[in-house]
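# Examining the three-dimensional arrangement
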Amino acid sequence: MVRSSVLGYPRIGADREWKKALEAFWAGKLEESEFQLQLQEIRLNHLRKQQEKGIDLIPVNDFSYYDHILDTAAMFGIIPKRFAFEGGVVPLSVYYGVARGTKEAAASEMTKWFNTNYHYIVPELSGASPVITENKPLAAYREAKEKLGIEGKPVIVGPLTFLKLSKGYSASETDAWLHRLLPLYVQILQELAEEGVQWVQIDEPILVTKLSEEDVQRLKTVYETFAASVPNLNIMLQTYFEAVDRYTDIVSLPVKGIGLDFVHGLSGNIQSIKTCGFPADKVLGAGVIDGRGIWKASLRGKLELLEQLAQFVPAERLLVQTSSSLLHVPVTTERETKLTSELKNVLAYADEKLDELVVITKAATSGSSGIAEELEQCDRALQALQQSEERNRSSIQQAVAAISAEQAERSRPFAERHAAQQAKWQLPLFPTTTIGSFPQSAEVRKARQLWRKGEWSNEQYAAFIREQIDTWIKIQEEIGLDVLVHGEFERTDMVEFFGEKLAGFAFTQNGWVQSYGSRCVKPPVIFGDVAFTGEMTVEETRYAQSRTSRPVKGMLTGPITIMNWSFVRDDIPREQIAYQLAYALRQEVEALEKAGIGMIQVDEPAVREGLPLKEEEQEAYLAWAVKAFRIATCTVQETTQIHTHMCYCEFHDMIDSIEAMDADVISIETSRSHGELIHSFELNTYKLGIGLGVYDIHSPRVPSVEEMTGMIERALRVLDPKLFWINPDCGLKTRGLEETVASLRNMVDATKIAREKY
Ligand code: GLN
Ligand code: ZN
C-alpha cells in the first residue's frame, strides 16, 4: 500500500490569524498565555485539517513562532551574546529579540531560504556553546498525539544544512562545529525514539547544492552516527528544491528513507534513479505534488510519474509526498470568490494539494479506475485554461518569437551614446538623482483608499496625485537635484501596479504566503500571455515633466522583477514569460519616449532571486534575464538615457551580467554589502554610468555630509568620475518627509564638495 506524506504546512492560517496573533503580541495587546493558546489552536487546526483529509504521515514541529531555522538555533541555545540569554528554555522576548532586534541589540541577519521568497534568520555561531534548551520536536509530537491522536512525523533541520546556513565560524572550524552539534542531535533523536516516534523527517535541502568531498564525508559521519545511536528510528532524509547532486552517495547513507523532489528536480532525480536504481532497503519519499506553485497538478501526469517510479520501488516502499513544505503556497482557494471559474478551477493552494495527494495515493494503491471522476474533472479544468483566449494570444506569441530571435541591442555602443547624451543633457559632473519613490505619507495612503472604495472619483484621485507631484517637483528643484522623478505616489507596489494594467495577470484575494516573520506577500498570478493594453505611466510622468525644466526620469519595473515576484504559469518556460513581459514593457518605454521623456529607469532589484540553485544553470538564466531587459529597453534613440536600479542582495558576483544589460546608468545598493561591491567593481572596471548608493534608506537616520563624502571618495577610488552618479541606496517610500529632505540636502552638499575636488 502506498502512503501519503506532507513535508510541512503553512503557518499563517487561512485568515492570516497567525500573523495577526504575532503582531498583537508584539504590540503588547495579547498576554503571553493568551498568545500561546491562540498559537496552539492554530497549530492544532492545521494538524486536524491534514488528519481529516486523510494524510498518512503528518508533519509536526514544522510550525513555528517565527522561523524554523531560528527555532533550531534556539533549541540548541545558539543565541548571540548581545541578547544576554542566560540559559534554560529561550524566552519569547529573547527569541523575538533575535528575530526583530531590541532597543539594546540589533537583530540577527535575515536571508533568503534557497531560491524561495521565504527568509530565515541566520544563526550566529561565534561564541556559542550549544546545549539542548528543549526538545521541541518531542513536544510537538506529544501534543499531536495527546490532543488529536495523530502519530506525527517530527520535522528537524538536519545538521549539515543547519551548519551551512549559519555564520560566525571559519571553514576550518566546520568539523569542530559538527562534532559539537552531533551529540545534541543524537540526544534529540534518542528521546524521540524512546517516546515511540516512528518516522522523523530530517531536512537537508543543502544536498541539492554543490557538495565538496568533505561535505559528503560529513554527511556520512552524521548519518552513520544517527544509525548507530538510534537504530530503530525511521529517518527520512529529505531534500527539496532541486535534484540531488551526489545521488549514489546519498542513497547509500544508512537511513530508512530518502526524500527527493520530483517537481523542481524532476529530470535530474528521475535520471539518477533510472541509471543507478534505488536501494532495496529504503523507502522513497516521492515529492510529486508541487510545494511551491499554485497550480493544480495534472493527476494523470502524476500517476504516470508514479508508475515510472514503481519500476524501481515497490508500493510498500513508496511515499507520495509534496515536493517541499507547503510553506511556500497560500492556504486555501476556498475564499477566492472573485476569480473566474476557469482560473479558480486550476488553482491548488495547500489544502487543495492535500486533496491531490490523497487522490493520487489512492490511485497509486488501487489503480486509477477508483478516481476516474477526479481525473476527468482535472483534465477538463486544465484543458479549459489551456484553450482559453488568455493563453492563446497568437499575435503576442508571434511578436515575442520574432523579438526573442533578435539581437536586442541599442543602435549605438555606450561610448557613443554617452557622448550624445552628455551633449543633449549637459549634466554636471556627478549628477544627483533619486531611485523613484518619495514618502508614501498617511495622506497618500488615505487618498488611495478613498479612491479604491469609490468614494473618490478618478478625477479627484488624479488631481490629488498631481498635487503630490507638484509638491515634490518643487522640493527636488529646491534641494538642487539634477534628475528628478515624479515620486510614484500612484503605486502601492512596484509589481502589482504594472500587473493590474497588463493583460495576462490575475489578483487573488487570499493568496498570501509568508515572506519573513509575520510579513506575508500576495504575489500576482501570471496565468495568461502577457499583453500591453495601454499606457501605464505616461500620464503622471508627462505631467511631472511639464512642471520642470530639469529632466524627469520615467519609472518602470523590469520584466525579471515582475516575473520573480509573481506566481507564474508553468506551461511555458520562464524565459518566455520574461520575454512577453519585456515586449509589453518595451511598448511602455516607447510610449514614454514619444511623450518626451528622455530618461527612463527600468528597475530590476529581483534579478538575483531567480538564480537557479544549480551552478551549471545560472549562466543560461542570467543570459536570458539580461536579454529580457535589453528587449524592453533597446529600441530608444541614442540620446534617450536608460537607467536601471538594483538592490536587496549581493550583486558582486554578477557584475558581468549587470554590465551586459547595457543600461546607460545603474544605481545600485551598496550599504549592505560592506564595500564588497565596490571591490568587485574595481576588479571588473565597469564601463557604464553608475551610482553607488551613498546612504542607506532603510533607517530614518539622517546621514551627515561627511559620511556621504566618505562614501563618494571611496567609490571614486575605483570608478571613473565621468561616469559616476550620486543617489541614495533605494526608493524613499517608507521614509518620512523631513528626514528625506534633510538627507537629500546633505547628499547634494556632499556632491558639491566632491565636484570641487575633481
Ligand atoms: N523605483 C522603486 C522605488 O523607488 C524601486 C524600488 C526597489 O528598488 N525595490 O520605490
Ligand atoms: Zn531598491
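Being a predicted model, the structure only gives us computed values, none of them experimental.

### A short note on the overall build of the chain
When helices and strands are tallied, the chain shows 27 helices and 21 strands. Against the 2.2 N^0.38 benchmark of 27 Å for 758 residues, the chain shows a C-alpha radius of gyration of 27 Å, consistent with a compact globule. The buried share of the chain, reckoned over its 758 residues, is 49%. Across the chain, every contact between residues at least 6 apart in sequence was considered, and the portion connecting residues at least 24 apart equals 78%.

### Quick look at the sheet that holds strand β18 (residues 641–646)
As summarised here, the arrangement of the 6 strands in space is β15-β17-β18-β19-β20-β21, forming an open sheet in which the pairing is parallel. Each end of this open sheet is capped by a strand with a single partner; those strands are β15 (553–557) and β21 (724–725). The pairing of strand β20 (residues 689–692) with β21 spans 2 bridges and is parallel. Bridging across to β21, I690 finds its partner in F724. Relative to the sheet, helix α22 (residues 574–594) contacts β15 and β17 (599–603), its axis offset from that of β15 by approximately 170°.

### Some details on the site of ligand 1
Near ligand 1 lie 13 residues; those nearest to it are I435, G436, S437, P605 and G731. Counted by class, the shell around ligand 1 contains 6 nonpolar, 4 polar and 3 charged residues.

### Notes on the UniProt feature "binding site: L-homocysteine" (unreviewed entry) in the chain
Within this numbering scheme, the UniProt entry marks I435, G436, S437, E488 and D603 as carrying the feature "binding site: L-homocysteine" (unreviewed entry). Annotated residues spanning 169 residues; largest pairwise C-alpha distance 12.9 Å, indicating a single compact cluster. For S437, the position within the fold is in the loop between α16 (414–425) and α17 (442–452). S437 sits in the buried class, given 21 other C-beta atoms within 10 Å. If we skip the residues at most four places from it in the chain, S437 touches G487, E488, G731, L732 and K733. Look past the residues within four positions of D603 in its chain and what remains in contact with it is M494, T557, G558, T561, T644 and H645.

### A look at helix α8 (residues 213–229)
For an α-helix the count is 3.6 residues per turn, leaving residues at separations of three or four pointing the same way. Taking 1.5 Å per residue, 17 residues should reach 24 Å; α8 reaches 24 Å between its end C-alpha atoms and fits that length. In this fold, the buried residues of α8 make contact with α6 (159–165), α7 (174–195) and β7 (234–238).

### Looking at the nonpolar core
The biggest cluster of nonpolar side chains holds 220 residues, and the ones touching the most others in it are V200, A286, V320, A578 and A628. Sorting elements by how many residues they give to this core places α22 first, with 10 residues. Residues within four places of V200 in sequence aside, it is in contact with K153, P154, I156, L189, L192, L233, I235 and M236.

### Structural notes on the environment of M747
Within the secondary structure, M747 sits in helix α27 (residues 737–757). Spatially, the C-alpha atom of M747 lies 57 Å from that of E143, the residues being 604 residues apart in sequence. Apart from the residues within four sequence positions on either side, M747 is in contact with T432, V694, Y695, M708, I726 and P728.

### Here's the deal with the UniProt feature "binding site: L-methionine" (unreviewed entry) in the chain
Mapped onto this numbering, the UniProt entry annotates "binding site: L-methionine" (unreviewed entry) at I435, G436, S437, E488 and D603. Inspection of the secondary structure puts I435 in the loop between α16 and α17. If we ignore the near neighbours within four places in the chain, the residues touching I435 are H645, S667, N727, P728, C730 and G731. Locating G436 in the fold gives a position in the loop between α16 and α17. Residues in contact with G436, not counting those within four places in the same chain, are V485, E488, M555, Q601 and G731.

### Points about the pairing of β20
Burial of the side chains of β20 extends over both faces: G689 and G691 are buried on one face and I690 and L692 on the other. Direction of pairing for strand β19 (residues 665–668) relative to β20: parallel, over a ladder of 4 bridges. Paired with I666 across the two strands is I690, which belongs to β20. Handedness of the crossover joining β20 and β21 through helix α26 (residues 705–716) is recorded here as right-handed.

### Here's the deal with the sheet that holds strand β11 (residues 502–506)
An order of β11-β14-β16 is seen for the 3 strands of this open sheet, with the pairing classed as mixed. The sheet is open, and its two edges are formed by β11 and β16 (567–568), each paired on a single side. Packed on one face of the sheet, α22 meets β11, β14 (525–532) and β16 and runs near 40° to β14.

### Notes on the confidence of the model for the chain
Chain-level statistics for the chain give a pLDDT mean of 96 and a share of 99% at 70 or above. Confidence metrics for the complex model read pTM 0.95 and ipTM 0.99.

### Here we look at unusual backbone geometry
A positive phi is found at F430, a non-glycine position, where the angle reads about 55°. Relative to the elements of secondary structure, F430 occurs in the loop between α16 and α17. The phi dihedral of D662 falls on the positive side, at around 60°, and the residue is not glycine. Among the structural elements, D662 can be located in the loop between α24 (655–660) and β19. A count of 20 C-beta atoms within 10 Å places D662 in the buried class.

Conventions we followed
Residues numbered from 1 in each chain as written. Chains lettered and ligands numbered in written order. Predicted model: local features only at pLDDT ≥ 70, side-chain atom pairs only at ≥ 80, totals over all residues. Helix = DSSP H or I, 4+ residues; strand = E, 2+ residues; numbered from the N terminus. Rg over C-alpha atoms; globule rule 2.2 N^0.38 Å. Buried ≥ 20, exposed ≤ 12 C-beta atoms within 10 Å, placed from the backbone. Contact = placed C-beta atoms within 7 Å. Pairing = 2+ DSSP bridges. Axes fitted to C-alpha atoms, helices over the stretch in contact; angles between N-to-C directions. Near = placed C-beta within 6 Å. Nonpolar A, V, L, I, M, F, W, Y, C, P; charged D, E, K, R; others polar. UniProt positions renumbered as here; feature names shortened; annotations may be inferred. Expected span 1.5 Å × (residues − 1). Core = buried A, V, L, I, M, F, W, Y, C linked by C-beta atoms within 7 Å. Right-handed = clockwise from strand over helix to strand, strands pointing away. pLDDT = per-residue confidence, 0-100.

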